[in-house]
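Listed below are the residues making up each chain.
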Amino acid sequence: PVMMKARAGGGGRGMRIVRGIDQVRRAFESATAEAMQAFGNPEMYLERFSVPSLIDEIAAVVRPLADQRGNSLAIDCAPEVGEMHADQTKVRQTLFNLLSNRCKFTERGMVWLHVRRERTAARGADEIAFEVADSGIGLSEEQMARLFQDFSQADASTAKKYGGTGLGLALS
């Protein structure tokens, strides 16, 4: 599983009309690549937000992607997880990218998101752990090492079969 932890506490292209999940995904990937090229990685905007509410929003968007490939999406996020202080947009985008990739590379399987609050002894502070897993094709250790690098995909055959720019997780 991939684990992400966070501390608690100009282009002028105009509007595009898209139909279907694949077109939406391609339009998003294109717009994201253009934004990164034009603006770089923007600064963090820290705010306090409800993690369970954010997870509900993400699940509503990801569930159709899971359904499209015959997958079941299991979400485990208790209300007691509560709030966190972070860049909500970046947390949302990272989780969306992780989950949509899991849905893309899993067929007729399971995709899980487990969210929990953990107390860290070293820092004496709470962290929110987001654990994403699936029953899909999996990644080698080498592929895992490249997971968050720009334009990185598992290999050429995977890129051809599943599409994408290899930027989603790197931008997150």
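These notes cover the structure that comes with them. (Residues numbered from 1 in each chain as written. Predicted model: local features only at pLDDT ≥ 70, side-chain atom pairs only at ≥ 80, totals over all residues. Heavy atoms only, no water.)

1. Observations regarding the overall build of the protein chain
Working step 1: When you go through the protein chain residue by residue, the secondary structure sums to six helices and six strands.
Working step 2: The helix and strand sequence of the protein chain, counted from the amino end, reads β-α-β-α-β-β-α-β-β-α-α-α.
Working step 3: Residue burial in the protein chain is summarised as follows: out of 172 residues, 34% are buried.
Working step 4: Of the roughly 10,200 Å² that the protein chain leaves accessible, carbon and sulfur atoms contribute 53%. (Helix = DSSP H or I, 4+ residues; strand = E, 2+ residues; numbered from the N terminus. Buried < 20%, exposed > 50% of the residue type's maximum accessible area, 1.4 Å probe, protein only. Areas by Shrake-Rupley, 256 points an atom, 1.4 Å probe, with all protein chains shown as cover.)

2. Some remarks on unusual backbone geometry
Most peptide bonds take the trans configuration, and most residues that are not glycine carry a negative phi.
Working step 1: A positive phi angle, near 50°, is found at R108, a position not held by glycine.
Working step 2: Examined against the element boundaries, R108 turns out to sit in the loop between α3 (88-104) and β5 (110-120).
Working step 3: Given a relative accessible area of 65%, R108 falls into the exposed group.

3. Overview of the pattern of salt bridges
Working step 1: Scanning all chains against the criterion turns up nine salt bridges.
Working step 2: The salt bridge partner of R48 is E83, with a shortest N-O separation of 4.0 Å. Placement of R48 in strand β2 (residues 47-50) and of E83 in strand β4 (residues 83-86) is noted, with a sequence separation of 35 residues between them.
Working step 3: Overall, the relative accessible area of 47% leaves R48 in the partly exposed class.
Working step 4: One salt bridge connects R69 with E107, and the closest N-O pair in it is separated by 3.3 Å. With R69 in the loop between α2 (51-68) and β3 (72-77) and E107 in the loop between α3 and β5, the pair connects residues that are 38 residues apart, well separated along the chain.
Working step 5: For R69, a relative accessible area of 25% translates into the label partly exposed.
Working step 6: Here the salt bridges do not stand alone but share partners, grouping R69, E107 and R108 into one network. (Salt bridge = Lys/Arg side-chain N within 4 Å of Asp/Glu carboxyl O.)

4. Thoughts on the pairing of strand β6 (residues 125-134)
Along any regular strand, the residues point their side chains to alternate faces of the sheet.
Working step 1: Here β5 runs beside β6; their pairing, made up of 10 bridges, is antiparallel. Opposite H114, over in β6, you have E131 as the bridge partner.
Working step 2: Between the antiparallel neighbours β5 and β6 lie four residues, among them G124 with a positive phi of about 65°. (Pairing = 2+ DSSP bridges.)

5. Things to note about the nonpolar core
Working step 1: Counting 24 residues, the largest nonpolar core has V51, V115 and F130 as its most contacted members.
Working step 2: For this core, the elements supplying multiple residues, two or more each, are α2, β3, β4, α3, β5 and β6.
Working step 3: With seven residues, the top contributor of residues to this core is α2. (Core = buried A, V, L, I, M, F, W, Y, C linked by side-chain atoms within 4.5 Å.)

6. Looking at the environment of Y45
Working step 1: By the element assignment, Y45 lies in the loop between α1 (21-39) and β2.
Working step 2: In this structure Y45 touches A86, D87 and Q88, once residues within four positions along its chain are discounted. (Contact = heavy atoms within 4.5 Å.)

7. What about α3?
Working step 1: With 17 residues, α3 ought to run about 24 Å at 1.5 Å a step, and its terminal C-alpha atoms sit 24 Å apart, in line with that.
Working step 2: Across the 17 residues that make up α3, a large majority, 12, are buried.
Working step 3: Q88, K90, V91, T94, L95, N97, L98, L99, S100, R102, C103 and K104 are the residues of α3 that are buried.
Working step 4: Where α3 starts, the residue carrying a side-chain oxygen 3.1 Å from the main-chain nitrogen of T89 turns out to be D87. (Expected span 1.5 Å × (residues − 1). Polar contact = N/O pair within 3.5 Å; in protein donor to acceptor, adjacent residues only side chain to side chain.)

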